[in-house]
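# Summary of the model geometry
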Amino acid sequence: MSVAMGPREVELAARELAGRPPEDVLRWALDTFGPDGVALACSFGAEDVVLVDMASRIRPGVRVFYLDTDLLFPETYETCERVAARYDVRLEQVRPALSLAEQAGRYGDGLWARDPDTCCRLRKVEPLRGVLAGLEAWVTGIRREQSPTRAGAAEVEWDHRFGLVKVNPLARWTWDAVWGYIRAHDVPYNPLHDRSYPSIGCIPCTRPVRPGEDPRAGRWPGFAKTECGLHR
Ligand code: SF4
């Protein structure tokens, strides 16, 4: 439970911040939880780089973390380097407990192709749980139009899964609004977005989408899975 907020306060904040510009929501989160109580989760997708740009303008030195699964695209690591060079943020790399070799030794090779839920738990969810345990709130780039499971996202909500406040400043933004911001502010972005990858995760579990496909159709192709387990 956040020391600054309980479910009642979260509900009031959600009502007050509903439909407000993302910068207002971010400013509220950064003021409410302070420099160490809140961090931005970044996977270097289009939404995340927008939030890094906004947050670093509002509060230089803001905490930003990324989950390094050891399986990210070279383009994602390059985007990480460009973001680190451009912005005044405290960028933290979060790693799984097991190396890829250790995971293969314990669970066999290519776990992602047989049991992506376990692979995501080991390489994403458990490392995330470790970071969030030290925070009162986290900021994410989820948007309502990304998928049916995200359609009810509010700007501020209680994250029952991880037990802290979840802030989604872009909840009501469209894909076009995200790209309008990137172009207007010349924000560095993952070049895979220009090659039909609207949603970018680990190499084995991400493919480009075809025209007319759902933007998240390129994640975990061949499985019913649509989320890593970070957002439910
Ligand atoms: S996205 Fe794929 S490779 Fe990455 S952690 Fe999940 S299952 Fe493993």
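This text goes with the structure placed above it.
So, a few notes on the structure that sits alongside this text. (Residues numbered from 1 in each chain as written. Predicted model: local features only at pLDDT ≥ 70, side-chain atom pairs only at ≥ 80, totals over all residues. Heavy atoms only, no water.)

Taken as a whole, the largest pocket encloses approximately 670 Å³ of empty space. Forming the boundary of the largest pocket are 36 residues, of which Ser43, Asp48, Ile200, Arg216 and Arg219 lie nearest the centre. Only α3 (46-58), β2 (62-67) and α7 (116-132) provide two or more residues apiece to the lining of the largest pocket. Taken together, the residues of the lining of the largest pocket break down into 16 nonpolar, 11 polar and nine charged. (1 Å grid on protein atoms, 1.4 Å probe; cavity = no way out; pocket = protein on both sides within 12 Å on 5 of 7 lines; lining within 4 Å. Points joined across faces, edges and corners; volume = space filled by probe spheres on them. Helix = DSSP H or I, 4+ residues; strand = E, 2+ residues; numbered from the N terminus. Nonpolar A, V, L, I, M, F, W, Y, C, P; charged D, E, K, R; others polar.)

Before going further, it helps to spend a moment on the pattern of salt bridges. This model, assessed by the stated rule, comprises 19 salt bridges. Of the charged contacts in the structure, one is a salt bridge between Glu47 and Arg143, with a shortest N-O distance of 2.9 Å. Here Glu47 is found in helix α3, whereas its partner Arg143 is found in the loop between β4 (137-139) and β5 (156-159), with 96 residues between them in sequence. Per residue, the accessibility class of Glu47 equals that of Arg143, and both read buried. A salt bridge links Arg123 to Asp70, with the shortest nitrogen-to-oxygen separation between them at 2.7 Å. One end of the pair, Arg123, is in helix α7; the other, Asp70, is in the loop between β2 and α4 (74-86), with 53 residues separating them in the sequence. (Salt bridge = Lys/Arg side-chain N within 4 Å of Asp/Glu carboxyl O. Buried < 20%, exposed > 50% of the residue type's maximum accessible area, 1.4 Å probe, protein only.)

A full pass over the atoms with the stated rule returns seven aromatic pairs. Ring centres 5.8 Å apart and planes at 75° place the aromatic pair Trp175 and Trp179 in the edge-to-face group. Of this pair, Trp175 and Trp179 both sit in helix α8 (residues 175-184), four residues apart, roughly one helical turn. Residue Trp175 is classed as partly exposed on the basis of its relative accessible area of 27%. According to the relative accessible area criterion, Trp179 is buried, its value standing at 9%. An aromatic cluster is built from Trp175, Trp179 and Tyr189, whose rings are joined through pairwise contacts. (Phe/Tyr/Trp six-rings, centres within 6.5 Å; stacked < 30°, edge-to-face > 60°.)

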